[in-house]
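# Understanding the architecture of this molecule
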Amino acid sequence: MNTLYTINRWIANALLALSGIAVVVLMLHVVADVLSKYAFHYPLVGTIELASWYYMIAIAFFPLAYVQLHSHHLVVEVFTTGLSARRLAALDALVCVAVLAYIGLLGWLVAAKAIEATHRGEIINVVYFDLPIWPARWILPISLIAMMPMIVLQLLANLRFALTGEVVPGLSPDVESRRGAATA
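Reading the values: the criteria
Residues numbered from 1 in each chain as written. Predicted model: local features only at pLDDT ≥ 70, side-chain atom pairs only at ≥ 80, totals over all residues. Heavy atoms only, no water. Helix = DSSP H or I, 4+ residues; strand = E, 2+ residues; numbered from the N terminus. Expected span 1.5 Å × (residues − 1). Bend = angle between axes of the 7 residues up to and from the residue. Buried < 20%, exposed > 50% of the residue type's maximum accessible area, 1.4 Å probe, protein only. Contact = heavy atoms within 4.5 Å. Axes fitted to C-alpha atoms, helices over the stretch in contact; angles between N-to-C directions. Parallel < 35°, antiparallel > 145°, perpendicular 65-115°, else oblique. Nonpolar A, V, L, I, M, F, W, Y, C, P; charged D, E, K, R; others polar. Pairing = 2+ DSSP bridges. Salt bridge = Lys/Arg side-chain N within 4 Å of Asp/Glu carboxyl O.

With that out of the way, let us pick up helix H2 (residues 47-61). Across its 15 residues, H2 extends 20 Å between first and last C-alpha, which sits within 8% of the 21 Å expected from 1.5 Å per residue. Largest kink in H2: about 30 degrees, centred on Tyr-55. Among the residues of H2, Thr-47, Ala-51, Tyr-55 and Ala-58 are the ones counted as buried. In the core, the buried residues of H2 are packed alongside helix H1 (2-40) and helix H5 (139-164).

This part takes up the packing of H2 against H5. Between two packed helices, what matters for the description is the angle formed by their axes and the separation of those axes. For the pair H2 and H5, the least separation of the axes is 10 Å and the interaxial angle reads 10 degrees. In terms of orientation, H2 lies roughly parallel with respect to H5. Contact residues: H2 offers Tyr-54, Ile-57, Ala-58 and Phe-61, while H5 offers Ile-139, Leu-140 and Ser-143. Residue composition of the contact of H2 with H5, by class: 6 nonpolar, 1 polar and no charged.

Every other side chain in a regular strand lies on the same face of the sheet, so the side chains alternate between the two faces. Alternating residues of strand S1 (residues 123-126) divide into Ile-124 and Val-126, all buried, and Ile-123 and Asn-125, none buried. As defined by bridge partners, S1 adjoins strand S2 (residues 129-132) across 4 bridges and the pair is classed as antiparallel. Across the sheet, the residue bridging to Val-126 is Phe-129, located in S2.

This part is about the pattern of salt bridges. According to the stated counting rule, one finds 4 salt bridges in the structure shown. A salt bridge links Glu-116 to Arg-120; the nearest nitrogen and oxygen atoms lie 2.9 Å apart. Highlighted residues: Glu-116 and Arg-120, both in helix H4 (residues 85-120), separated by 4 residues, approximately one helical turn. The exposure class of Glu-116 is partly exposed, given its relative accessible area of 38%. Overall, Arg-120 belongs to the exposed group, its relative accessible area being 51%.

All quantities given are derived from atomic positions and should not be read as evidence of function.
Given below as structure tokens:
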């Protein structure tokens, strides 16, 4: 499990780095567009299209695996504050199953759309050129697929803790941070 966790951590960090690069490139592109517009009265063609089809999608979705790795998705504990750590882990395992089903279905559907867009060679017309947008269609399936192994590992860690009380270091962050030591 540690090897899979290490591989998933590397992939999540790589996707987070790509997202960070997209932020920097977006910022530089927009600054260059504004400078070009006001200094030369000629804005850069395709800035809005590149920003909306590539940069923003990468910024929003590439970090999903990193967020899942560190269990930083939103958690509402209104009804679970009184649960023991092991019962909370069992509930978290159930949530992992539901999330896996949802992410799997969503990943399958968006991958099908990405395949379709790739076969069509999907483009949008920017004033002086055609911008291929089919590569951007792959950002969401890649991001969702990168999340899935981490969810499986967290599911197994939560089940292990719920059944035996054993915490898997690094894989049970919600149990460790939300409830502390194993209490029955």
